[in-house]
Amino acid sequence: MVNCIDNSGAAIVECVKVLRMKRHAKVGDRIIVVVQKQRSFGPESGPGGSVSISAANNVRRGDIRHAVVVRTAKKTQRPDGSVVKFDDNACVLINKGGEPIGSRLNGIVGSELRDKQWSKILSLAPMHL
């Protein structure tokens, strides 16, 4: 299970395939996920509510989507010798063209995304480590 840190409407997703790899996913890898749990935006954003959030209803439980891994709990060593380990595994949902579905990210992302040309995700993130 992987946390989804954007405002696309998914809270927890499950990775079913790592694309173009025969190994586990690292930061910056593209994966295929299934939405397991939806994010609740409060009672006013439900059916008949007056508040509408633009990206809130983009995904539903059971949807199959593409995503990019932005944090991993596994330790990774960088070329400068530093070792980075995050508290959880997290991803950002994207469309097939590579654009993020959500318009906002919550939490930090790994700076390895810069090497793999995910600059749009880096620009949405509040901080990268």
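Every value quoted in this text rests on a predicted model; they were computed, and no experiment measured them.

### Re the pairing of strand β4 (residues 64–71)
- Within β4, six of the eight residues are buried, leaving the element largely enclosed by the surrounding structure.
- Sheet topology places strand β3 (residues 30–38) next to β4; five bridges connect them, and they run antiparallel. Note on β4: the bridge partner recorded for R30 is V68.
- As defined by bridge partners, β4 adjoins strand β7 (residues 90–94) across five bridges and the pair is classed as antiparallel.

### Overview of the layout of surface pockets
- Here the largest pocket is characterised by a volume of approximately 190 Å³.
- If you go around the largest pocket, the residues you meet are K26, V27, T76, Q77, R78, P79, S111, E112, D115 and K116.
- Within the residue set of the lining of the largest pocket, elements represented by two or more residues are β5 (76–77) and α1 (112–115).
- For the lining of the largest pocket, the per-class residue count stands at two nonpolar, three polar and five charged.

### Some thoughts on the sheet that holds strand β2 (residues 10–18)
- Strand order in the closed barrel formed by five strands is β1-β2-β3-β4-β7, with mixed pairing between adjacent strands. Here the strands of the sheet are splayed against their neighbours by 50° on average, with no regard to which way each runs.

### Overview of the pattern of salt bridges
- Applying the stated criterion across every chain, the model contains five salt bridges.
- Among the ionic pairs, D63 bridges to R65, the shortest N-O distance being 3.7 Å.
- Judged by relative accessible area, D63 falls into the partly exposed class, the value being 22%.
- The class of R65 is partly exposed, set by a relative accessible area of 23%.

About the criteria used
Residues numbered from 1 in each chain as written. Predicted model: local features only at pLDDT ≥ 70, side-chain atom pairs only at ≥ 80, totals over all residues. Heavy atoms only, no water. Buried < 20%, exposed > 50% of the residue type's maximum accessible area, 1.4 Å probe, protein only. Helix = DSSP H or I, 4+ residues; strand = E, 2+ residues; numbered from the N terminus. Pairing = 2+ DSSP bridges. 1 Å grid on protein atoms, 1.4 Å probe; cavity = no way out; pocket = protein on both sides within 12 Å on 5 of 7 lines; lining within 4 Å. Points joined across faces, edges and corners; volume = space filled by probe spheres on them. Nonpolar A, V, L, I, M, F, W, Y, C, P; charged D, E, K, R; others polar. Axes fitted to C-alpha atoms, helices over the stretch in contact; angles between N-to-C directions. Salt bridge = Lys/Arg side-chain N within 4 Å of Asp/Glu carboxyl O.

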